[in-house]
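Residues per chain are reported as follows:
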Amino acid sequence: MRKNKIFEDIVHGIFLILGLITVGCVLLITVYLIISGLPAIREIGLINFLFGKEWASTAAEPKFGILPFILSSIYGTAGAIVIGVPIGFFTAVYLSKVASKKVRTTLETAINLLAGIPSVVYGLVGMIILVPAIRHIFKVPDGSSLLAAIIVLSIMILPNIIKVSITALDAVPIEYEDASLALGATPIETYFRVSVPAAKSGIAAAVVLGVGRAIGEAMAVMMVAGNVANMPSLFQSVRFLTTAVSSEMAYSSPGSLQRNALFSIALVLYMFIMLINVVLNFFLKREKEK
Amino acid sequence: MMKKFIRLLTVMLLLLSVLGGCKPKEKASVSTDGSTSMSKVIGALGEAFELETGTTVTYNATGSGAGIAAVLEGRCDIGLASRNLKDEEVEKGLVGTVLAYDGIAIIVHPENPINDLDLETIAKIYTGEITNWSEVGGNDATIVLIGREAGSGTRDGFEDITKTKDKCTYRQELTSTGDVITTVASNPDAIGYASVASIKDTVKALTVGGVAATEDNIKNGSYVVQRPFVLVTKKDVTLSDSAQKFFDYITSEKAREIISSTGVVPAN
C-alpha cells in the first residue's frame with residue numbers, strides 16, 4: 001500500500017516536471033524577448049520605432065521605423081482571412097453536413113496533407129508559379145508583392161480553418177437539426193440557420209487560429225513578397241514583421257543597434273501573437289460554457 | 001539533510017570556480033578584425049586552420065575602416081579590408097596583401113537582348129534614373145531591380161563599386177544568392193547581381209564595359225565590378241608565431257580551394 005503511494009508520488013512528480021518544462025520555455029522566451037527587445041526601443045523611442053515610416057538599418061544614417069512592417073503584416077493577414085475564411089467555412093459546412101462519407105474521407109485526407117506541407121514548399125511553388133502568373137495576369141513589372149503573399153497565406157490557413165470548423169459543426173447536437181427539419185425547413189436552411197449559429201464560437205476560434213498562423217508565417221512570405229520595406233500596396237513588394245526579423249538577422253552583428261532592433265520587432269510580433277491568443281481563449285471559453 | 005546537501009553543493013561550486021579561474025591560459029590564437037563582407041571567407045579559412053593546427057582564429061566584424069584602425073593600434077593580428085589601402089594608410093606603415101577578389105556578376109534573364117552595360121549605366125539603373133530597358137537599347141519594359149538584403153556582403157560590395165550606397169531603389173530584396181538567380185531566371189525584365197562563382201546557366205551574366213566576368217578578367221582587374229579582399233599588417237612589426245602561420249596558410253596554394261568555395265576568386 002505504502003509502496004504504491006510512493007510510486008504514485010514519483011509519477012506525479014515526473015509529470016509535474018514535464019509540464020513545468022513547457023511553462024518554463026514560454027517564460028524563458030518571454031523574458032528573453034523583453035530583455036533583448038527593450039534596449040533598442042528605448043534608444044530609438046517607442047513612437048519613432050512603431051510609427052516611423054522608414055527602415056534603413058545599414059544606411060549611413062540608420063532609420064528604424066517599423067510601421068511598414070506592422071501594416072504589411074496586418075494587411076497581409078486580413079487579406080488572407082478575406083480569401084481563406086469563405087472558402088474554408090463553406091468547405092467545412094459541406095464536409096460536415098452535406099458530403100457523403102466517401103467524399104468526406106477523401107477530402108479530409110487532402111486537407112490533412114495540405115496542413116502537413118512545409119512552408120518552404122508553399123514559398124517555392126509560389127515563387128515559381130504564382131509570382132510569374134501575377135506578373136502576366138495583372139501586367140505588372142514584377143509579381144512579388146503583397147498580393148502573392150496574401151494568396152499563399154490564404155491557402156496555408158485553409159486546413160486550420162476547415163478542420164476546426166468541422167469539429168465545431170460536428171459537435172452540434174443532432175436534435176437541433178432534426179427539430180428544424182421537422183418544422184419544415186430545407187436541409188440547407190437548417191445548416192445555415194441552425195447548425196452554423198450553434199457552432200459560431202468554434203468557427204470564430206477557427207478564424208482566429210488562421211489569423212495566428214498567417215501573422216506568424218515567415219518562410220513562405222519571404223519567398224514571394226519581395227522583402228522591400230515599402231509601405232504596403234497590393235502590387236508592391238513588402239516586408240512583414242516576421243520577414244523583417246529573419247532577413248536581416250544573419251548579417252547583423254551582435255550587440256549592434258540593428259540586431260537589437262530586430263529583437264524589438266520580434267517583441268512587437270510576440271505582442272500580436274499574445275493578443276491573438278487572448279482572443280482565441282475568449283472564444284474557446286465561451287464555447288465550453290455553452 | 002537538506003542543509004548538508006546545500007553546503008556540499010556550495011563547496012563544490014566554489015571548487016569548480018577556483019579551478020576554472022586557474023585554468024591554464026588559452027592556447028595561442030590569432031585575432032582578425034575588419035570587413036563584414038569577409039566573414040564567410042575568413043570563417044571558412046579559420047575553421048580549416050583550427051582543424052589543422054588547433055589554433056583558434058577569432059574574427060571581429062567591424063568594417064574595413066575599423067579593421068585597419070585596429071591593426072594600426074595593435075589591437076589585432078591581422079586586419080581585414082574589402083578595399084585597397086589608401087596612400088595615407090600605407091604611409092602610416094601598413095602593408096596590404098590581397099587574399100582574394102570578390103567578383104560580382106550582373107545578371108539578366110537569358111531572353112533579354114542586352115549583353116553589355118557599363119558601370120555608370122548600371123549605377124543609373126539601380127538608382128532609378130533609368131527605369132525602362134528601351135533606354136539602354138532593350139525591349140520596352142520596366143526594369144525590375146533585384147538585390148540582396150541590408151548587411152549582405154554582396155550588396156555591400158555592389159553598392160560600394162557602383163557608388164550607389166543607400167540609393168538603390170530595389171523591387172525585391174532577397175536573402176540568398178540562389179533566390180536572386182531563381183528570381184532573375186523567372187522574370188524577363190529583371191536585373192540582379194550575384195557573386196561570380198555562383199552563376200548558373202539559367203541566367204545571363206552581362207559583360208561590363210565589354211569585359212566578361214571571368215576569373216582571369218577579375219584577377220587582372222579589367223572586369224570592374226569587383227573589389228579586393230586585403231589582409232592588412234604592419235610593416236615594422238613581426239607577427240606572432242601563430243599569426244604568421246595563419247597568414248602563410250591562407251595565402252598558400254592549399255587555401256585556394258577553401259577560398260573558392262566561399263564564392264570569391266583566390267589571388268594566389
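Source: prediction; values computed, not measured.

**Student:** Can you help me understand the overall build of chain A in this one?
**Tutor:** Across its full length, chain A carries twelve helices and two strands. By principal-axis analysis of the C-alpha atoms, chain A measures approximately 75 × 70 × 30 Å. The buried share of chain A, reckoned over its 290 residues, is 45%. In chain A, the proportion of contacts linking residues at least 24 apart, taken out of those at least 6 apart, comes to 72%. Accessible area of chain A: about 15300 Å², with a carbon and sulfur share of 72%.

**Student:** I keep staring at the domain arrangement of chain A and nothing clicks. Help me out?
**Tutor:** Note on interface size: it is often stated as the accessible area lost on association of the parts. Residue and element names in this part refer to chain A. When the domains of chain A are assigned, the result is domain 1 (2–51) and domain 2 (67–289). One C-alpha centre belongs to domain 1, the other to domain 2; they are set 27 Å apart. Buried area between domain 1 and domain 2, summed over both chains or domains, comes out near 1200 Å², and the portion from carbon and sulfur atoms is 77%. Its largest share of buried area at the contact with domain 2, domain 1 owes to Leu-33, Phe-49 and Leu-50, together 37% of the area lost on that side. Joining domain 1 to domain 2, the criterion identifies two residue pairs in polar contact (both at pLDDT 80 or more). The set of elements that each furnish at least two residues to the side of domain 1 that touches domain 2 consists of α1 (2–44) and α2 (46–51). Sorting elements by how many residues they give to the side of domain 1 that touches domain 2 places α1 first, with 13 residues. Tallied by class, the residues present in the side of domain 1 that touches domain 2 amount to twelve nonpolar, three polar and one charged.

**Student:** Explain the nonpolar core here, please?
**Tutor:** Side chains of nonpolar character tend, in soluble globular proteins, to be buried together. Membership of the largest hydrophobic core comes to 42 residues, with the highest contact counts inside it found for B:Ile106, B:Tyr126, B:Ile191 and B:Tyr223. Among the elements of the structure, β4 (94–108), α5 (119–126), β6 (144–148), α6 (153–161), α7 (177–186) and β8 (190–195) of chain B are those that each provide at least two residues to this core. It is β4(B) that provides the largest number of residues to this core, a total of six residues. Look past the residues within four positions of B:Tyr223 in its chain and what remains in contact with it is B:Ile104, B:Ala105, B:Ile106, B:Val208, B:Val211, B:Ala212, B:Ala213, B:Asn217 and B:Ile218. Judged by nonpolar contacts, the second largest core, of 25 residues, contains A:Val131, A:Val140, A:Val152 and A:Met156.

Here is what the cut-offs are and how they apply
Residues numbered from 1 in each chain as written. Chains lettered and ligands numbered in written order. Predicted model: local features only at pLDDT ≥ 70, side-chain atom pairs only at ≥ 80, totals over all residues. Heavy atoms only, no water. Helix = DSSP H or I, 4+ residues; strand = E, 2+ residues; numbered from the N terminus. Buried < 20%, exposed > 50% of the residue type's maximum accessible area, 1.4 Å probe, protein only. Contact = heavy atoms within 4.5 Å. Areas by Shrake-Rupley, 256 points an atom, 1.4 Å probe, with all protein chains shown as cover. Domains from an automatic or database assignment. Buried area = accessible area lost by both parts, 1.4 Å probe. Polar contact = N/O pair within 3.5 Å; in protein donor to acceptor, adjacent residues only side chain to side chain. Nonpolar A, V, L, I, M, F, W, Y, C, P; charged D, E, K, R; others polar. Core = buried A, V, L, I, M, F, W, Y, C linked by side-chain atoms within 4.5 Å.

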